[in-house]
Amino acid sequence: GRLLASAEVRGQERHLAELLHDMYKILAEVLKTELPEPGTYEVDTTPVSNLHFMRGLSFYYSAQYNQAIGEFIQAAEEEKLMALASLWSANCYLAQNEYGHAYIELKRLRLLEDHQLKTEEIEQKLNLCLENLSVDEIKLYNQLLSP
């Protein structure tokens, strides 16, 4: 193969779709061709958060749970990944038998609206936490969660 053209655009990563569109136009112009419009569905609008999430999964499946939690925390900074990242953080805590931390994550997760996660799964994991926590611990965690 050979490189026919290259282009560079600059901007903020949160405007990735616009940057991609600009680069696409420049390349079409340089190549003197008309390219089909790129669909916005093809652009990952949160690449950094998604990268943290994927790293978190990698660490989780390598049984490196603390590193996974760190990645999920960073991924959760993106609102659309918050619920999923919280669930996987809870999975990490459960894998380490840290039922208190898992309980807190799962209770916070229940408060989030508009998530696409299975409520039965969340409730099942919460019940597992309740089976392994004392009444006093549950009271303490509920106090920590109350506004």
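Residues numbered from 1 in each chain as written. Predicted model: local features only at pLDDT ≥ 70, side-chain atom pairs only at ≥ 80, totals over all residues. Heavy atoms only, no water.

> I tried to follow the pattern of salt bridges on my own but got confused; where do I start?
A side chain of one charge can pair with a side chain of the opposite charge if their charged atoms are brought near each other. Summed over all chains, the structure comprises three salt bridges. Close ionic contact of E123 with R110 constitutes a salt bridge, the shortest N to O distance being 3.2 Å. With E123 in helix α6 (residues 119-132) and R110 in helix α5 (residues 99-111), this pair connects stretches of sequence that are 13 residues apart. The partly exposed category is assigned to E123, whose relative accessible area is 28%. (Salt bridge = Lys/Arg side-chain N within 4 Å of Asp/Glu carboxyl O. Helix = DSSP H or I, 4+ residues; strand = E, 2+ residues; numbered from the N terminus. Buried < 20%, exposed > 50% of the residue type's maximum accessible area, 1.4 Å probe, protein only.)

> Hey, could you run me through α5 in this one?
Turn by turn, an α-helix covers 3.6 residues, leaving residues three or four places apart pointing in a common direction. For α5, built from 13 residues, the straight-helix expectation of 18 Å at 1.5 Å per residue is met to within 8% by its first-to-last C-alpha distance of 18 Å. Taken as a whole, α5 has its buried residues at Y99, G100, A102, Y103, I104, E105, L106 and L109. Against α4 (82-95), α6 and α7 (135-145) lie the buried residues of α5. (Expected span 1.5 Å × (residues − 1). Contact = heavy atoms within 4.5 Å.)

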